[in-house]
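Reading the structure
Next come the chains, spelled out residue by residue.
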Amino acid sequence: DLGSILTVEGNGTFDNGGEYQVINGGTSGSTSAITVSGRFITQDAEGFNGTGTAIPTIVPTLNAGSFVEFARAGNQVITNFTPKYKNVDITGTGTKTLGHATGIWVDENLKVASSTLLVNTNEAITVNKAVNVTSGVFDIKNSGQLIQVD
C-alpha cells in the first residue's frame, strides 16, 4: 500500500516482484503519487497500469529517459498508457501482447531483449525513436503495424 509518494530516481530500479500491486493505501483523503525517472520493472501478467495491473489505481508520471520493463517469466500484456511510455524494454520469457489495438505509444525507444513481442492483425505500436531487437522476437502479423516516427 502506498500512502504517500513513490519516486524511482534516474539510476533507481523498482521491481514489483510478480503479481504484487502498488495501490493507494493511504488514509482517507490522502493522495498517492508515483514518479519514475529510472526503471520500473513489472512482472504482472496484466501489465503496467490499469485494472488488475502492477499499478491499478494510480496514474504514474513517467519522466523523459524513464523505462518500463515488461519482464514476466511468461505471457504478459503491454497495457495502454496515457500520455505515452518513454522507453519500453521487453524481457523475461513468453509472449508479450498489446493490450490495446492502436493505443500503445512509446515516446522514446523500444527494445526487445528477450521474449516475443507480438503485434497481431489490425494492431499497431508507435515508437517515436529507435527500435532495437537484441534477442528474442518482434513478430508483426499480417496487417499489424509498427509505426516508427523518427
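Above: the structure in question.
Residues numbered from 1 in each chain as written. Predicted model: local features only at pLDDT ≥ 70, side-chain atom pairs only at ≥ 80, totals over all residues. Heavy atoms only, no water.

1. Describing the nonpolar core
Membership of the largest hydrophobic core comes to 28 residues, with the highest contact counts inside it found for Phe48 and Tyr85. Mapped onto this core, the elements with two or more residues apiece are strand E1 (5-8), strand E3 (33-36), strand E6 (67-70), strand E8 (87-90), strand E10 (104-106), strand E11 (110-112), strand E12 (116-119) and strand E13 (124-127). (Core = buried A, V, L, I, M, F, W, Y, C linked by side-chain atoms within 4.5 Å. Buried < 20%, exposed > 50% of the residue type's maximum accessible area, 1.4 Å probe, protein only. Helix = DSSP H or I, 4+ residues; strand = E, 2+ residues; numbered from the N terminus.)

2. Regarding the packing of aromatic side chains
Counted according to the given criterion, the structure contains six aromatic pairs. Here the aromatic rings of Phe48 and Phe81 are separated by 5.6 Å at their centres, their planes lie at 65°, and the arrangement is edge-to-face. A residue pair is termed long-range when its members are at least 10 positions apart, and Phe48 in the loop between strand E4 (39-42) and strand E5 (61-62) and Phe81 in the loop between strand E7 (76-78) and E8 qualify at 33 residues. For the residue pair Phe48 and Phe81, the accessibility class agrees, reading buried in each case. Here the aromatic rings of Phe81 and Tyr85 are separated by 5.5 Å at their centres, their planes lie at 40°, and the arrangement is tilted. Exposure remark for Phe81: the relative accessible area of 2% places this residue in the buried category. Positioned above the aromatic ring of Phe67, the side-chain terminus of Arg39 is 4.4 Å from the ring centre. (Phe/Tyr/Trp six-rings, centres within 6.5 Å; stacked < 30°, edge-to-face > 60°. Lys NZ or Arg CZ within 6 Å of the ring centre and 35° of its normal.)

3. Overview of the side chain of Gln76
Structurally, the position occupied by Gln76 is in strand E7. At a separation of 3.1 Å, a polar atom in the side chain of Gln76 contacts the main-chain carbonyl oxygen of Thr42. In this structure Gln76 touches Thr42, Gln43, Asp44, Ala45, Phe70, Ala71, Thr95, Lys96 and Thr97, once residues within four positions along its chain are discounted. (Polar contact = N/O pair within 3.5 Å; in protein donor to acceptor, adjacent residues only side chain to side chain. Contact = heavy atoms within 4.5 Å.)

4. Section: the pairing of E1
Of the two faces of E1, the one lined by Leu6 and Val8 is fully buried and the one lined by Ile5 and Thr7 carries no buried residue. When E1 meets E3, the two strands line up parallel, connected through four bridges. Across the sheet, Thr7 pairs through a bridge with Thr35, a residue of E3. (Pairing = 2+ DSSP bridges.)

5. Describing the sheet that holds strand E15 (residues 137-140)
Across the sheet, which stays open at both edges, the four strands sit in the order E7-E9-E12-E15 with parallel pairing between neighbours. Where the open sheet ends on each side, the last strands, each with one partner, are E7 and E15. Neighbouring strand axes in the sheet, compared pairwise and without regard to direction, differ in orientation by 25° on average. Two strands pair when backbone bridges link them, and E12 and E15 are joined in this way by four bridges, in the parallel orientation. Along E15, the bridge assignment pairs Thr116 with Val137. (Axes fitted to C-alpha atoms, helices over the stretch in contact; angles between N-to-C directions.)

6. Details of the pattern of salt bridges
Working definition: two side chains of opposite charge can pair if their charged atoms are close together. In the structure shown here, the tally under the stated rule is six salt bridges. Where Glu19 meets Arg72, a salt bridge forms, and the shortest distance between an N and an O atom there is 3.0 Å. Taken as a pair, Glu19 in the loop between strand E2 (13-15) and E3 and Arg72 in the loop between E6 and E7 lie far apart in primary sequence, 53 residues in all. Under the relative-accessibility criterion, Glu19 is labelled partly exposed at 43%. Take Arg72: its relative accessible area is 24%, and that puts it in the partly exposed class. (Salt bridge = Lys/Arg side-chain N within 4 Å of Asp/Glu carboxyl O.)

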